[in-house]
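Chains, contacts and geometry: an overview
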Amino acid sequence: MLDKRFVRENPDAVKEAASSKGVAVDVDALLSLDESGRSLQHDLDNAQARRNSISKEFGKADAAGKDQLRAESTKLGDEISKLKADLEVNLADQREILLRLPQIPWSGAPIGADESANTVVRTWGAPPEFDFEPRDHVDLAESRGWVEFARARKVAGERAYALRGDLMLLERAVHSYALDLLVRQDFVPISVPALVREQALVGTGMFPGHRAETYELPADDTFLAGTAEVALVGLHSDEILELRDLPLKYAGMSPCFRREAGSAGRDVRGLLRVHQFEKVEQFVICEADPEESARWHAALLASAETVLQELGLAYEVVECATGDMGLGKVRMNDINTWLPSLGQYRETHSCSTLGTWQGRRANLRYRDAEGKVQFAATLNNTAVATPRLLAALLENFQTADGKIAVPTVLQPYMGGRELI
Ligand SMILES: Nc1ncnc2c1ncn2[C@@H]1O[C@H](COS(=O)(=O)NC(=O)[C@@H](N)CO)[C@@H](O)[C@H]1O
């Protein structure tokens, strides 16, 4: 959410951000609601002040005066409850629009409607050359009995899967490796709920705009989060953190659930796009200072690159366009990892700076050096997300006889085995 004062003073910047992000939102309606809300507040303050002065005059008035003051006070009482009701509606209408206002994208973001406008910033590593016909991750996994699709579909429907044997152990190895890497960088490892309340989804910005992508459990008034980011943003909401607590750095782990409502027909084969997956999330809450956020954005991006470099997977880093980065982002860099079966790079990581956009929605605050309470800034990035990353590992490190070379950094988690 943006600061309403900022919107009042910079309506054109907000309108420009909305159009560059392809968001339909009525800034002028908000401004006029704000105007009428302030005059309602003004009238309410006057009426309440008048009613207070009546109670002071009451004691000194004679009988006739008391009757008159009593009548005026009753009339004022009605006026005050009407003004309060109108103001409540006005503020609710304002919040409906405020929750849909886009964060202002940074000046370096490519302007464009979707990911086709993303620009490649750098690449690392080279796609592997095979002296045999490489196979895709489905063939590789099925030939080893490492995955169940048909049986999982019996249990859980479309896009379901089960990982068995060494592939299940490889998933655990990837997460343990990522958690150990982040713990070495003083991130606090934490496993967080995936069962969340509506307010948590509003706080991260998944609601109201992306409600359709979220599984709902109406009987319990809860939802299944699509990323640990949801619980991590909500964990400290309504608290006031101290400066010494910042930056708060979490390595958050949770199962992630996504309806993939808009992805029918895309990536239907294999492990690339599923309804339930596991992720280790890098998450930072820091002071509301653009330079501090820029430092953390670079650090989170570097961590993800270290993961891919240590795994030995070729990748590209892209600067996400305004229309791809999403409502709440100041900046987003995706990392796309080479997938031999597709002959292209596919997104495996997404690194975002959000400024105070989530902090304001989730009421995440801290006391600054002058003791003033401020909304905190947040950032997040994927550390590892499986099974999509497993698909990349299987395909890139396959041998002619269908075995998989285990990256050196994962071998300690795989009983020292170099080949599975
Ligand atoms: N439906 C899905 N199936 C498998 N993996 C997915 C799916 N959706 C997302 N992912 C993985 O999760 C990563 C992060 O997802 S994201 O939506 O891009 N970003 C976030 O969730 C942020 N919280 C950063 O992790 C993606 O880069 C991708 O590797």
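Computed from a predicted structure; not experimentally measured. (Residues numbered from 1 in each chain as written. Predicted model: local features only at pLDDT ≥ 70, side-chain atom pairs only at ≥ 80, totals over all residues. Heavy atoms only, no water.)

The UniProt entry lists Thr-227, Arg-258, Glu-281 and Asn-380 under the feature "binding site: L-serine" (unreviewed entry), expressed in the numbering used here. Judged by its relative accessible area of 30%, Arg-258 is partly exposed. Other than its neighbours up to four places away in sequence, Arg-258 contacts Glu-213, Tyr-215, Gly-226, Thr-227, Val-274, His-275 and Phe-277. By secondary structure assignment, the location of Glu-281 is in strand 10 (residues 276–286). According to the relative accessible area criterion, Glu-281 is buried, its value standing at 2%. Beyond its immediate sequence surroundings of up to four residues, Glu-281 is in contact with Thr-227, Ala-228, Glu-229, Leu-232, Tyr-250, Ala-251, Gly-252, Asn-380, Asn-381, Thr-382 and Ala-383. (UniProt positions renumbered as here; feature names shortened; annotations may be inferred. Buried < 20%, exposed > 50% of the residue type's maximum accessible area, 1.4 Å probe, protein only. Contact = heavy atoms within 4.5 Å. Helix = DSSP H or I, 4+ residues; strand = E, 2+ residues; numbered from the N terminus.)

Turning next to the pattern of salt bridges. A side chain with one charge may pair with a side chain of the opposite charge, provided their charged atoms come close. Enumeration according to the criterion identifies 26 salt bridges in this entry. With a closest N to O distance of 2.8 Å, Glu-198 and Arg-211 form a salt bridge. Here Glu-198 is found in helix 8 (residues 198–204), whereas its partner Arg-211 is found in the loop between helix 8 and strand 6 (215–217), with 13 residues between them in sequence. Within this structure, Lys-4, Arg-8, Asp-34, Glu-35 and Arg-38 form a network of salt bridges that share partners. (Salt bridge = Lys/Arg side-chain N within 4 Å of Asp/Glu carboxyl O.)

The method is simple in principle: a probe with the dimensions of a water molecule rolls over the atoms, and the space it marks as empty is what remains. In this structure, the second largest pocket occupies an estimated 520 Å³ of space. Gln-103, Pro-290, Val-330, Gly-355 and Thr-356 are the residues nearest the centre of the second largest pocket, which is lined by 23 residues in total. Counting residues per element, the lining of the second largest pocket draws most heavily on helix 10 (residues 290–311), which supplies six residues. Here the residues of the lining of the second largest pocket are counted per class, giving 13 nonpolar, six polar and four charged. (1 Å grid on protein atoms, 1.4 Å probe; cavity = no way out; pocket = protein on both sides within 12 Å on 5 of 7 lines; lining within 4 Å. Points joined across faces, edges and corners; volume = space filled by probe spheres on them. Nonpolar A, V, L, I, M, F, W, Y, C, P; charged D, E, K, R; others polar.)

The next point concerns the nonpolar core. If you look at the biggest cluster of nonpolar residues, it comprises 57 residues, and the most contacted ones within it are Leu-167, Leu-311, Leu-313, Leu-393 and Leu-410. A per-element tally of this core places helix 7 (residues 166–184) first, with nine residues. Setting aside residues up to four positions removed in sequence, Leu-311 forms contacts with Tyr-177, Leu-389, Leu-393, Phe-397, Pro-407, Val-409 and Leu-410. (Core = buried A, V, L, I, M, F, W, Y, C linked by side-chain atoms within 4.5 Å.)

On the basis of which strands lie adjacent, the open sheet formed by three strands has the order 5-7-6 and antiparallel pairing. Only two strands of the sheet have a single neighbouring strand rather than two, namely strand 5 (195–196) and strand 6. Here three bridges tie strand 6 to strand 7 (residues 222–224), and the two strands are oriented antiparallel to one another. Following the sheet pairing, Leu-217 is matched in strand 7 by Thr-222. (Pairing = 2+ DSSP bridges.)

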